[in-house]
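Overview (structure and organization)
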Protein chains: 2
Amino acid sequence: MTLAEKAYLGLRHDIVHGAFAPGSPLRLADLAERYGMGFSPLREALNRLGAERLVTSETLRGFRVAPLSLAEFEDALATRLLIEAEALRLSMIKGGDDWAAGVVAALYALQLQADRKGTGADLWELEARHHAFHLALLAACGSEWMLEIFERLHHATQRYRVPVLLASTGPGTRDIQAEHKALADAALARDEATALPLLRAHYLRSADTIRETLATAPAAPAKRRRA
Amino acid sequence: MTLAEKAYLGLRHDIVHGAFAPGSPLRLADLAERYGMGFSPLREALNRLGAERLVTSETLRGFRVAPLSLAEFEDALATRLLIEAEALRLSMIKGGDDWAAGVVAALYALQLQADRKGTGADLWELEARHHAFHLALLAACGSEWMLEIFERLHHATQRYRVPVLLASTGPGTRDIQAEHKALADAALARDEATALPLLRAHYLRSADTIRETLATAPAAPAKRRRA
DNA sequence: AATCTGTATATTTTCGAAGATTGTTGTTGT
DNA sequence: ACAACAACAATCTTCGAAAATATACAGATT
């Protein structure tokens, strides 16, 4: 693996997991020290991430972590629902035994980790399995483009989901695993009329949590403009 | 404007307009001479284009123009229809006078160029105005993500449309401008039940032309694999 | 004849320094 | 005290060369 690929994966991981504050500048000298490499591979990675909207860049003024905003989240969520609903519909039509088995396996692995709730260190593992479960649902849709858009929107919204994850271990938690089970059952039964609304409701409920969190503790509040 | 941006725009233009054959290697030494710059800005541009799926890259084996395939075209078309139908629906709901005026202006400019058919040099101008018209239809959807996906899918499918453009000046041409007029009228009347099927039909008809062309003269035929 | 091996060439990838631009600080003049 | 201006510092951007790797070719071996 080249350094540029390492830089891409490392930067994406660190941005998506919130290691860099949204809006903060990504100075090349700092990054070169952090990741132990020169400017070239870092700039290549930053350009890729710019194309994916995880970082912003301004000519001769360098790169920044893309800022967070409620509007962008709502936008990304609506687009996600559009893509995922169609991809799930197609998967239910086209998916064979392999697809069904993948869904069952992903759900099982997810629930194993969810039952293990407690240690906060495993939170990212839970997130990874949650994502893997949703990917498994769409895997048979047959559209590379839809799957890629799904991945991109996942990365773009992951930073917003950190509070949801943290809340999911706390008290008064809604039974997310029951939602997953119901969704998987409907999908495996090819019951479009049940599965699609369940998917929609699943995301909208997470969105409510995020809206509350962003409203009380806005991550990217007032932004100064030069006078 | 930095050299890296020039490289990005130049490469994208040349790839999308078919100046490089699909699948052909993009050697840095050649590109450096063609665009008159060093490796660094070129590699940054190629990484951006890689994230947009216009070029492929393999570790330590460099970059290539992304190959063309009927399957990818069908996939991109289906995804386009999904996104554009929803974006048009939203635009019709949210769009105000500015949006309507923009649609009328784009349609008018498009038809001016279409009537001017003859000189093949203006073919790309026709393509640009065609794209501008479809963008104008979606402009009021309020979703940055949908608009960006629209742009990306446009670039990804533009290479396939070259034969359609060439055919559009020939004999036996279907009346594309009438389709545009009808689509614009329905959109401005906020007639969802008419506009969405028109949009769908418009794209599917272009797709038919492309399928025929690809079937008779496959751009990316047999691909050798090493034994 | 076919396959392996070692050498030479071509190409990508990375670094370190030089060039270019922006922002800051300190100075001067009114 | 305030505005204009010049030198300075920080940072991004680009180049050219060096390092690492893959490809092509020729010769040796089975």
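Everything in this summary refers to the structure shown in the same document.

Criteria and cut-off values
- Residues numbered from 1 in each chain as written.
- Chains lettered and ligands numbered in written order.
- Predicted model: local features only at pLDDT ≥ 70, side-chain atom pairs only at ≥ 80, totals over all residues.
- Heavy atoms only, no water.
- Helix = DSSP H or I, 4+ residues; strand = E, 2+ residues; numbered from the N terminus.
- Buried < 20%, exposed > 50% of the residue type's maximum accessible area, 1.4 Å probe, protein only.
- Areas by Shrake-Rupley, 256 points an atom, 1.4 Å probe, with all protein chains shown as cover.
- Contact = heavy atoms within 4.5 Å.
- Pairing = 2+ DSSP bridges.
- Salt bridge = Lys/Arg side-chain N within 4 Å of Asp/Glu carboxyl O.
- Near = heavy atom within 4 Å.
- Polar contact = N/O pair within 3.5 Å; in protein donor to acceptor, adjacent residues only side chain to side chain.
- Nonpolar A, V, L, I, M, F, W, Y, C, P; charged D, E, K, R; others polar.
- Least-squares fit on C-alpha atoms with pLDDT ≥ 70 in both.

**Quick word on the overall build of chain A**
- A tally of helices and strands in chain A yields nine helices and three strands.
- When the helices and strands of chain A are placed in sequence order, the string is α-β-α-α-β-β-α-α-α-α-α-α.
- Counting every position in chain A, which comprises 227 residues, the buried fraction comes to 47%.
- Put simply, chain A shows about 11200 Å² of open surface, and 57% of that area lies on carbon and sulfur atoms.

**Section: the environment of A:Ala32**
- Relative to the helices and strands, A:Ala32 resides in helix α2 (residues 28-35).
- Sequence-distant contacts of A:Ala32, defined by excluding residues within four places in its chain, comprise A:Met37, A:Phe39 and A:Leu42.

**Section: the sheet that holds strand β3 (residues 62-65) of chain A**
All names here are of chain A.
- Across the sheet, which stays open at both edges, the three strands sit in the order β1-β3-β2 with antiparallel pairing between neighbours. Edge positions in the open sheet fall to β1 (25-26) and β2 (55-58), since each of these has one partner strand only.
- As defined by bridge partners, β1 adjoins β3 across two bridges and the pair is classed as antiparallel. Looking at the pairing, Leu26 lines up with Phe63 of β3.

**Things to note about the pattern of salt bridges**
- Considering all chains together, one arrives at 25 salt bridges over all chains under this definition.
- A salt bridge links B:Glu74 to B:Arg211; the nearest nitrogen and oxygen atoms lie 2.6 Å apart. Pair noted here: B:Glu74 is in helix α4 (residues 70-94) and B:Arg211 is in helix α9 (residues 192-216), with a separation of 137 residues, a long-range link.
- Note on B:Arg211: relative accessible area 26%, which makes it partly exposed.
- With a closest N to O distance of 3.1 Å, B:Glu179 and B:Arg205 form a salt bridge. Of the two residues, B:Glu179 is situated in helix α8 (residues 176-188) and B:Arg205 in helix α9; the sequence distance between them amounts to 26 residues.
- Judged by relative accessible area, B:Glu179 falls into the buried class, the value being 13%.
- Judged by relative accessible area, B:Arg205 falls into the partly exposed class, the value being 40%.
- One salt-bridge network, held together by shared partners, links A:Arg53, A:Arg152 and B:Glu148.

**Regarding the protein's contact with DNA strand C**
- What surrounds DNA strand C is a group of 21 residues, the closest being A:Leu3, A:Gly38, A:Ser40, B:Arg43 and B:Leu60.
- Close to the protein, within 4 Å, the atoms of DNA strand C are drawn from sugar and phosphate at a rate of 82%.
- The separation between a base nitrogen of DNA strand C and a polar side-chain atom of A:Ser40 is 3.1 Å.
- Mapped by element, the contributors of at least two residues to the surface near DNA strand C are α1 (3-16) and α3 (39-51) of chain A together with α3 (39-51) and β3 (62-65) of chain B.
- Partitioning the surface near DNA strand C into residue classes produces ten nonpolar, five polar and six charged.

**Regarding the interface of chain B and chain A**
- Facing 26 residues of chain B, the contacting portion of chain A comprises 26 residues.
- Taken together, the connections running from chain B to chain A amount to six salt bridges.
- Where chain B packs against chain A, one counts 18 residue pairs in polar contact (both at pLDDT 80 or more).
- Breaking the side of chain B that touches chain A down by element, the ones donating at least two residues are α3, α4 and α7 (144-168) of chain B.
- Broken down by element, the side of chain B that touches chain A gets its largest block of residues, eight residues, from α7(B).

**Thoughts on the relation of the copies chain B and chain A**
- Laying chain B over chain A is done by rotating through 180 degrees and shifting 0.0 Å along the axis; what remains is an RMSD of 0.0 Å. The symmetry that links the two subunits is that of a two-fold axis.
- Mapped onto chain A, 100% of the interface residues of chain B again fall at the interface, so both copies present the same surface.

**Brief notes about the protein's contact with DNA strand D**
- Taken together, 20 residues surround DNA strand D, and among them A:Arg43, A:Leu60, B:Leu3, B:Gly38 and B:Ser40 come closest.
- Of what DNA strand D places within 4 Å of the protein, 84% of the atoms are sugar or phosphate.
- Within the backbone of B:Leu3, one N or O atom sits 2.3 Å away from a phosphate oxygen of DNA strand D.
- Between a phosphate oxygen of DNA strand D and a side-chain N or O atom of B:Arg61, the distance comes to 3.2 Å.
- Those elements that provide at least two residues to the surface near DNA strand D are α3 and β3 of chain A together with α1 (3-16) and α3 of chain B.
- Among the residues making up the surface near DNA strand D, the classes are represented as ten nonpolar, five polar and five charged.

**Some points on the sheet that holds strand β2 (residues 55-58) of chain B**
All names here are of chain B.
- Ordered by their spatial adjacency, three strands build an open sheet running β1-β3-β2, and the pairing between neighbours is antiparallel. Edge positions in the sheet fall to β1 (25-26) and β2, since each has one partner strand and no second.
- For β2 and β3, the ladder comprises four bridges, and the chain directions are antiparallel. Residue pairing for β3: Val55 is matched across the bridge by Val65.

**Description of the environment of B:Ala85**
Residue and element names in this part refer to chain B.
- With respect to the helices and strands, the residue Ala85 is situated in helix α4.
- Residues Ala85 and Ala195 lie 110 residues apart in sequence; the distance between their C-alpha atoms is 9.0 Å.
- The residues contacting Ala85, other than those within four sequence positions of it, are Arg80, Leu196, Leu199 and Arg200.

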